[in-house]
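The lines below spell out each chain.
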Amino acid sequence: MIDIQNLHQSYGNKTVLDDVNLTIEKDEVCALVGRNGAGKSTLINSLLGILPIKKGTITINGITLTKKSRPQNEIGYLPEKFMLYPLLTGLDNMRFFARAVSNQVDETRIEKVLKSVNLWEDRNTVINGYSKGMLQRLGLAVTLYQDSSILVLDEPTSGLDPIGRKEILEALKALKNKTILLSSHHMDEIKQLCTHVAFLDERKMTKYTVEEFLQTQKLGENDK
Ligand SMILES: Nc1ncnc2c1ncn2[C@@H]1O[C@H](COP(=O)(O)OP(=O)(O)OP(=O)(O)O)[C@@H](O)[C@H]1O
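Remember, it's a predicted structure, so these values are computed and weren't measured experimentally.

Conventions we followed
- Residues numbered from 1 in each chain as written.
- Predicted model: local features only at pLDDT ≥ 70, side-chain atom pairs only at ≥ 80, totals over all residues.
- Heavy atoms only, no water.
- Near = heavy atom within 4 Å.
- Polar contact = N/O pair within 3.5 Å; in protein donor to acceptor, adjacent residues only side chain to side chain.
- Areas by Shrake-Rupley, 256 points an atom, 1.4 Å probe, with all protein chains shown as cover.
- Helix = DSSP H or I, 4+ residues; strand = E, 2+ residues; numbered from the N terminus.
- Nonpolar A, V, L, I, M, F, W, Y, C, P; charged D, E, K, R; others polar.
- Buried < 20%, exposed > 50% of the residue type's maximum accessible area, 1.4 Å probe, protein only.
- Contact = heavy atoms within 4.5 Å.

**A word on the site of the ligand**
All residues in the neighbourhood of the ligand are listed as Tyr-11, Lys-14, Val-16, Arg-35, Asn-36, Gly-37, Ala-38, Gly-39, Lys-40, Ser-41 and Thr-42. Note that an oxygen atom of the ligand is positioned 3.2 Å from one of the backbone N or O atoms of Ala-38. Side-chain polar atom of Ser-41 to an oxygen atom of the ligand: 2.8 Å apart, as the coordinates give it. Out of a free accessible area of 630 Å², the ligand has 57% covered by protein chains. For the shell around the ligand, the secondary structure elements donating two or more residues are β2 (14-24) and α1 (40-47). With three residues, the single largest contributor to the shell around the ligand is α1. Each residue belonging to the shell around the ligand can be placed in one class, and the counts come to three nonpolar, five polar and three charged.

And the structure:
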């Protein structure tokens, strides 16, 4: 569970988040939506403990973030562009990142996550031969390996063609027992995947169910 209370973040004298509250329960998939510059990355970086909290509290699975305690193991984070090793195979990339989590590489878990993103057949291919969609799914597999109960996904379908988007959406839809926050500009994928929308506008946050959000018409017609 993610619980953000009265969060205030600013850069110099520019306030980006003002008294922001957001709770995301287990099994909720919440889209983070806002115009460019609304503060989505600021919110994500605050959650990840990268950006020190100016005011307010963030609690991750009951653990309150402080300068000294970062919730590294609680949150699986998929950045918009995951830095993978282009001259290694998919499997060896998995093993490399698995070693960063623990010395003991869990081959059974690697098999499970590679199958869950539909890359098991391609595991022995060097990834400079992967499509953008395959690279993004491999990034997701690396993120899932850690088996964190919370996932933060930064525009997971950005730059993908319709087939690439469909494949990553299928992998995300299959996830169970997670708390998920994902930033997205695509209303069609929000409708398919999400239970809620956290809408950032003018420094303030409002949480809606997807149905409620659709009725507010906060996104332009072209986005739906
Ligand atoms: N390190 C920084 N120093 C100063 N201003 C910053 C810094 N990072 C972000 N900002 C400003 O804070 C505001 C929010 O930025 P942020 O990147 O959080 O928005 P965003 O919603 O993620 O934008 P985008 O959709 O374009 O990625 C913007 O006006 C941005 O210019």
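**Looking at the environment of Arg-165**
In this fold, Arg-165 is placed in helix α5 (residues 162-173). By relative accessible area, which is 18% here, Arg-165 ends up buried. In this structure, the C-alpha to C-alpha distance between Arg-165 and Glu-189, residues 24 residues apart in sequence, is 8.7 Å. Those residues in contact with Arg-165, other than ones at most four positions away along the chain, are Thr-157, Leu-160, His-186, Asp-188 and Glu-189.

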